[in-house]
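Reading the structure
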Amino acid sequence: MAEAKADSAGRGTKASRGASRPASGRKTPASGRGGPGGGKTRPANAAARPANGKVTTADDGTDAAGRVRLPSLPERYQEWITLVVRVGLAGILGIAGYAKFTEPAALQKTAVAAYRILPQGMVTPVALGLPVLEMVLAAMILLGFATRVMAICVGLLFLVFIAGIISVAARGLSIDCGCFGGGGTVAKGQTHYLREVFRDLGFLALAAWLMLYPRGKFALDRALGMYA
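Residues numbered from 1 in each chain as written. Predicted model: local features only at pLDDT ≥ 70, side-chain atom pairs only at ≥ 80, totals over all residues. Heavy atoms only, no water.

**Quick look at the overall build of the protein**
For the protein, the count of helices and strands is 7 helices and 2 strands. Reading the secondary structure of the protein in the N-to-C direction produces α-α-α-α-α-β-β-α-α. Relative to its 228 residues, the protein shows a buried fraction of 29%. Within the protein, counting contacts between residues at least 6 apart in sequence, those at least 24 apart form 65% of the total. (Helix = DSSP H or I, 4+ residues; strand = E, 2+ residues; numbered from the N terminus. Buried < 20%, exposed > 50% of the residue type's maximum accessible area, 1.4 Å probe, protein only. Contact = heavy atoms within 4.5 Å.)

The following block contains the structure:
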């Protein structure tokens, strides 16, 4: 009788254990894969990353990491803006160079000598060569040939002009800058140094645009495969 009871109790225990096992017969840990049982834990920001692995930008202009993403300038707009800047800067240089070039040589020398920066032997070459240089740069920029290189040359030229005007103002000289022809000594009160510096800074900004965005419409650079 005692053996029968023990056998019945053993069968009951096995039955209760079988009832607690899932229907598939496999044991699953209570904590799942992310629990302390050694499974991998998904990072907290994994839900913010799309399936292709690229970080998307939210509607407020920030990405999943909270960094601000500035919209890039569409290429079609940038190339047209570069064309406008090229035409404008070429026109400025062309007008300035032609105005000096058509003046008598004596007046060109007077305009350069009035700055009192160059030695006497350098006045004539600079006075006669500067208008030609400006017109050549204007033609190259208008055609869009080696736009970035030409823009760097123009930028350096405007920096020289700005430095010259500041130098004259600092030394108390009264001259006409001669940027668009003319030049030489003028009466006190007839100078416009501040206006001329800001004007040349605006021209320098145009050259800086071409340095950063040289690719434009109707340019020889496109035919040569530059700035692709």
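There's more to say after this.
**Description of empty space enclosed by the protein**
Scanning the entire structure with this criterion turns up 1 cavity of 30 Å³ or more. Along its surface, the largest cavity is lined by Ile 92, Leu 93, Ala 96, Lys 100, Glu 134, Phe 158, Phe 161, Cys 179, Phe 180, Arg 199, Asp 200 and Phe 203. Sorting the residues of the lining of the largest cavity by element identifies helix H2 (75–101), helix H5 (147–170) and helix H6 (193–212) as the ones contributing at least two each. Per-element accounting of the lining of the largest cavity gives the leading share, 4 residues, to H2. In the lining of the largest cavity, the residues fall into 8 nonpolar, no polar and 4 charged. (1 Å grid on protein atoms, 1.4 Å probe; cavity = no way out; pocket = protein on both sides within 12 Å on 5 of 7 lines; lining within 4 Å. Points joined across faces, edges and corners; volume = space filled by probe spheres on them. Nonpolar A, V, L, I, M, F, W, Y, C, P; charged D, E, K, R; others polar.)

**Topic: the packing of aromatic side chains**
Two descriptors summarise a pair of aromatic rings, namely the distance from one centre to the other and the angle between the planes of the rings. This structure, assessed with the given rule, holds 4 aromatic pairs. Summarising the aromatic geometry, the rings of Phe 158 and Phe 161 are spaced 6.0 Å apart at their centres and angled 80° between planes, so their arrangement reads as edge-to-face. Of this pair, Phe 158 and Phe 161 both sit in helix H5, 3 residues apart, roughly one helical turn. On the numbers, 4.6 Å between centres and 40° between planes, the contact of Trp 209 with Tyr 213 is tilted. Judged by its relative accessible area of 34%, Tyr 213 falls in the partly exposed class. Here the aromatic cluster, defined as three or more aromatic residues joined through ring pairs, consists of Phe 158, Phe 161 and Phe 203. (Phe/Tyr/Trp six-rings, centres within 6.5 Å; stacked < 30°, edge-to-face > 60°.)

**Considering the environment of Arg 199**
Looking at the element boundaries, Arg 199 is found in helix H6. For Arg 199, a relative accessible area of 26% corresponds to the partly exposed category. Beyond its immediate sequence surroundings of up to four residues, Arg 199 is in contact with Cys 177, Cys 179 and Phe 180.

**Focus: a nonpolar patch on the surface**
A contiguous nonpolar surface patch, about 350 Å² in accessible area, is contributed by Leu 143, Phe 145, Leu 220 and Leu 224. If you trace the backbone, Leu 143 turns up in helix H4 (residues 120–143). (Patch = residues over 30% accessible without salt bridge, like charges linked within 9 Å, V, L, I, M, F, W, Y side chains within 5 Å. Areas by Shrake-Rupley, 256 points an atom, 1.4 Å probe, with all protein chains shown as cover. Salt bridge = Lys/Arg side-chain N within 4 Å of Asp/Glu carboxyl O.)

**A short note on the pattern of salt bridges**
A complete count under the given rule lists 5 salt bridges for this structure. We note a salt bridge from Glu 79 to Arg 215, for which the minimum N-O separation is 2.8 Å. Of this pair, Glu 79 sits in helix H2 while Arg 215 sits in the loop between H6 and helix H7 (220–224); the two residues are 136 residues apart in sequence, bridging distant segments of the chain. Looking at Arg 215, the relative accessible area reads 23%, which means it is partly exposed.

Everything listed here is a matter of coordinates, which is why it stays silent on function.
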